[in-house]
Amino acid sequence: MESGTSSGSGMPLPAPVMAAYSYCEAVTGQQARNFAYGIRLLPTAERRAMSALYAFSRRVDDIGDGALASDVKHARLEETRQLLDRVREGKVEEDDTDPVAVALSHAAQAFPIPLGGLDELIDGVLMDVRGETYETWDELKTYCRCVAGAIGRLSLGVFGTQPGAHQVERAPEYADTLGLALQLTNILRDVREDAEGGRVYLPADDLAKFGCSDGFLGTRPADGADFAGLVHFEVRRARALFAEGYRLLPMLDRRSGACVAAMAGIYRRLLDRIERDPEAVLRGRVSLPGREKAYVAVRGLSGLDARHIARQSARRRT
């Protein structure tokens, strides 16, 4: 087993904490392949902290996506919020029987993680449980900020920022925006799967504009629907969010920047595929092969994306 240190202190991690992190890393590797590709580029302490954040977030998502009755989901989510309160108050012992709580508690002590972002995630999943729909992009954006923008801001607590970085005070805003870009890409990719589960996320006014208000239950668009037009419209919106959110990269150290560039790069390539063949999302799940994900990770680790964004930002300032 890899020996661990506590946030660079040089002190070995207690065995229960190591075991808790190992559990969270296993959950991340099994359940979040795109995410796992990114965080493997991080130093050990940061990677473990990110896996703890993911494992907690996965638990919240699984409650929302499960087959339980709505009132039971509400109760389970409130129990999870109470667990988060215990983490926040430092009341989780190292030998607690919940490995996710142990790992998250240790991560929150090692890094300045804004744990309120996990409250926002729970709020967003409660929106799903209530079956909320969204009339406008502004309404959908509120949901996306809860379930994805908050994850960006939580991650920034682990990554930190480079001292003296230009406009570093805007780093949380850019992290939030990058989360929105990833979530909108997810929504496009999963449009049929969500429809089969009775969920529609795209704004109702966008659906009406392109004749798609009847939904997405078939492998082809409904007669008269401009499905390609709808997808291309949302792709342009997502690209604008990526462009804004990528301003975060020059504010991060090399390995944190590589992690973010890898995760965002995978989703940008998914967006490219969806743009080229919009109806593919109605036929099945659009994904990238492992070799392409590996290429994106190498590109992120090389710093190409961060340097490109830094040059763009410098040109905008002149």
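For the structure, check the block above.
Keep in mind that what you see is a predicted model, and the values were worked out from it rather than measured.

**Q** Any chance you could explain the packing of helix α8 (residues 171-189) against helix α11 (residues 227-245) here in plain terms?
**A** A pair of packed helices can be characterised by two numbers: the angle between their axes and the separation between those axes. Interaxial distance between α8 and α11 falls to 8 Å at its minimum, and their mutual angle equals 155°. The angle between the axes of α8 and α11 places the two elements in the roughly antiparallel class. The interaxial crossing formed by α8 with α11 has left-handed handedness. Contact with α8, carried on its side by E173, Y174, T177, L178, L180, A181, L182, L184, T185 and L188, involves E234, V235, R237, A238, L241, F242, E244 and G245 of α11 and no other residues of that element. For the contact of α8 with α11, the class distribution of residues is 11 nonpolar, 3 polar and 4 charged.

**Q** Just to check I follow, could you spell out the packing of aromatic side chains for this structure?
**A** Working definition: an aromatic ring pair is given by the centre-to-centre distance plus the angle between the planes. For the coordinates displayed, the defined rule picks out 5 aromatic pairs. Aromatic side chains F210 and F233 sit 5.6 Å apart centroid to centroid with 45° between the ring planes, which places their arrangement in the tilted category. Linking F210 in the loop between α10 (204-209) and α11 with F233 in helix α11, this pair joins segments that are 23 residues apart in sequence. On the accessibility criterion, F210 (15% relative accessible area) is buried. Each residue in the set Y134, Y143 and Y201 is aromatic and connected to the rest through ring pairs, giving one cluster. Stacked on the ring of Y246, the Lys or Arg R268 has its end atom at 5.0 Å from the ring centre.

**Q** Looking at this structure, I do not really get the side chain of R237. What am I missing?
**A** Residue placement: R237 occurs in helix α11. Polar side-chain contacts of R237 include one of 3.1 Å to the side chain of E234. Excluding anything up to four places from it in sequence, R237 contacts W137, L184, P203 and D206.

**Q** What am I meant to see in the environment of E234 here?
**A** Assignment of secondary structure puts E234 in helix α11. The class of E234 is buried, set by a relative accessible area of 0%. A C-alpha to C-alpha distance of 9.8 Å links E234 and I187, two positions 47 residues apart in sequence. Not counting chain neighbours up to four residues away, the residues in contact with E234 comprise L184, L188, L202, P203 and D206.

What counts, and where the lines are drawn
- Residues numbered from 1 in each chain as written.
- Predicted model: local features only at pLDDT ≥ 70, side-chain atom pairs only at ≥ 80, totals over all residues.
- Heavy atoms only, no water.
- Axes fitted to C-alpha atoms, helices over the stretch in contact; angles between N-to-C directions.
- Helix = DSSP H or I, 4+ residues; strand = E, 2+ residues; numbered from the N terminus.
- Parallel < 35°, antiparallel > 145°, perpendicular 65-115°, else oblique.
- Left-handed = near helix turned anticlockwise from the far one by under 90°.
- Contact = heavy atoms within 4.5 Å.
- Nonpolar A, V, L, I, M, F, W, Y, C, P; charged D, E, K, R; others polar.
- Phe/Tyr/Trp six-rings, centres within 6.5 Å; stacked < 30°, edge-to-face > 60°.
- Buried < 20%, exposed > 50% of the residue type's maximum accessible area, 1.4 Å probe, protein only.
- Lys NZ or Arg CZ within 6 Å of the ring centre and 35° of its normal.
- Polar contact = N/O pair within 3.5 Å; in protein donor to acceptor, adjacent residues only side chain to side chain.

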